[in-house]
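Examining the three-dimensional arrangement
These are the residues of each chain, in order.
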Amino acid sequence: MPRRSGHSNSDKSPASSGTKCLQLNVLQMGPRKFPCIVNGFGSMQDPLVHHGHHFGCVVHAFCNVQTLLTNGITLMGEVEERGLETLTQEDRKEYAIFWELLRIVLNLEDCLMSSSEEDMIAMAGLIQKGASGARGNDTKSIQAAIIDWITPKGQALIPHIPRNVKTRRGFHHEHTGTLLCPVGYEWANSKTKAKLHSGQLQVAGDQWPLFLYADYSYDTEDPWNGLLHSGLLVLAYRHIFTSPSSVDQAHFALMSTQVFSRTDLVTDLERFYISILELLEDPDEVDEVGKLIGWWNHIIVQPWIWCEQNCKYIWVIGASCQWDLGE
């Protein structure tokens, strides 16, 4: 089940099987510099960059593509020899993401099997470039839009937050601070607020913020109640049309941090992203995750409009109001 408080209860890092020569942390980003692009690869219009953009949006936002390709090829051989059931849970996760990439990029498997190591590094660099570009584009577009979303209709945020300025956000502003405050802590508590504002209280990536929950309300007795049902997340999803990465982008847009960094000093965005994926992929939570996916499918396909009377978004079927997205 999801944690029952906002206090971090996990300092685990992805495990390695230790039984073969696989590189570690395939589902975490490696060095920021891209490999040298050779043998004709590298055009800004290269299809691999486009496919990498899609992969970063809908499959995995922080994946180390070169390591994924290297490990994926190794795992293909192991599965062919001994079967999928012999892989560890972590290796199965990597293998599934590897096959998602093969599905997105037509003929990638054939290219990998017939290419030199130098060409494989070049292809990985292009895919990584696309995935990283996806995060950059989403970050730029959402940081202005989110100010409109969190401003009450007909009112203004006090103090004012400029759409193109980040420094006044995060725990430096009453409104964004409320949304970012980890569940289990009370933003109204002056000592907690002061520690978050000063950085004395560091927020771990798996300490989830209040804005993930419907009506920005956390139920200590039922941590699944309203989780990932936030109207703010729906708006973020519709704005950038991504999967779990929309959560990361909304989180970053509320913060005061100037540059999108996976391991910033305020909140570990990479760990935040991975902790959500871990919950959604947890076999013990399959029933709750199924309900959550069903909810999102309904929200995305059903029409919704701004209701002037109630100053909130409402989900409608015909002319009847069925559900709202909260304040």
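So, how was this worked out
Residues numbered from 1 in each chain as written. Predicted model: local features only at pLDDT ≥ 70, side-chain atom pairs only at ≥ 80, totals over all residues. Heavy atoms only, no water. Helix = DSSP H or I, 4+ residues; strand = E, 2+ residues; numbered from the N terminus. Buried < 20%, exposed > 50% of the residue type's maximum accessible area, 1.4 Å probe, protein only. Areas by Shrake-Rupley, 256 points an atom, 1.4 Å probe, with all protein chains shown as cover. Axes fitted to C-alpha atoms, helices over the stretch in contact; angles between N-to-C directions. Parallel < 35°, antiparallel > 145°, perpendicular 65-115°, else oblique. Left-handed = near helix turned anticlockwise from the far one by under 90°. Contact = heavy atoms within 4.5 Å. Salt bridge = Lys/Arg side-chain N within 4 Å of Asp/Glu carboxyl O. Expected span 1.5 Å × (residues − 1). pLDDT = per-residue confidence, 0-100. Core = buried A, V, L, I, M, F, W, Y, C linked by side-chain atoms within 4.5 Å. Phe/Tyr/Trp six-rings, centres within 6.5 Å; stacked < 30°, edge-to-face > 60°.

1. Describing the overall build of the chain
Along the chain, the regular secondary structure elements total 11 helices and three strands. Secondary structure elements of the chain occur, N-terminal to C-terminal, as α-α-α-α-α-α-α-α-α-α-α-β-β-β. Burial statistics for the chain: of 327 residues in total, 48% are counted as buried. Carbon together with sulfur atoms contributes 53% to the accessible area of the chain, which is approximately 16,600 Å² in total.

2. Re the packing of helix α1 (residues 47–58) against helix α3 (residues 89–104)
The axes of two packed helices give the description: the angle between them and the distance between them. Between α1 and α3, the shortest axis-to-axis distance is 10 Å and the interhelical angle comes to 140°. It follows that α1 is oblique to α3 by the angle criterion. Crossing hand, α1 versus α3: right-handed. For the pair formed by α1 and α3, the contact residues are H51, H54 and F55 on the first element and I97, L101 and I104 on the second.

3. A closer look at unusual backbone geometry
For the bond from I158 to P159, the omega torsion is -5°, close enough to zero to count as cis. Examined against the element boundaries, P159 turns out to sit in the loop between α5 (117–150) and α6 (174–180).

4. What about the pattern of salt bridges?
With the rule as written, the count across this model stands at six salt bridges. Residues E278 and R271 are paired through a salt bridge, measuring 3.1 Å at the closest nitrogen-oxygen approach. For E278, a relative accessible area of 33% puts it in the partly exposed group. According to the relative accessible area criterion, R271 is buried, its value standing at 15%.

5. Things to note about α3
End to end, α3 covers 23 Å across 16 residues, agreeing with the expected 22 Å (1.5 Å per residue, within 8%). When we look at burial in α3, the residues that qualify are E90, D91, E94, Y95, I97, F98, L101, L102 and I104.

6. A few points about the confidence of the model for the chain
Any residue range with low pLDDT should be treated as having predicted coordinates unsuitable for detailed reading. Residue-level pLDDT values for the chain average 80, and 72% of them are 70 or greater. This stretch, residues 3–19, has a pLDDT under 50; its non-local contacts, to residues over four places away or in other chains, come to 36 contacts.

7. What about helix α10 (residues 269–280)?
Side chains that are three or four residues apart share a direction in an α-helix, a result of its 3.6 residues per turn. With 12 residues, α10 ought to run about 16 Å at 1.5 Å a step, and its terminal C-alpha atoms sit 17 Å apart, in line with that. In terms of burial, α10 is a largely internal element, 10 of the 12 residues being buried. If you check which residues of α10 are buried, you get L269, E270, R271, F272, Y273, I274, S275, I276, L277 and L279.

8. A few points about the nonpolar core
Counting residues in each nonpolar core, the largest one holds 43 residues, and the members touching the most others are F211, L212 and L228. Within the residue set of this core, elements represented by two or more residues are α5, α6, α8 (231–240), α9 (245–254), α10 and α11 (286–301). When residues no more than four places from it in sequence are discounted, the contact partners of L228 are L212, L233, V247, I276, L280, L292, W295 and W296. In this structure, L48, V59, L69 and V79 belong to the second largest nonpolar core, which totals 26 residues.

9. Examining the packing of aromatic side chains
Taken as a whole, this structure holds eight aromatic pairs when the rule is applied. Ring geometry for Y95 and F98: centres 6.4 Å apart, planes at 20°, overall stacked. With a gap of three residues between them, Y95 and F98 both fall in helix α3, about one helical turn apart. Side by side, Y95 and F98 carry an identical accessibility label, which is buried. What links up through ring pairs into an aromatic cluster is the set Y95, F98 and W99.

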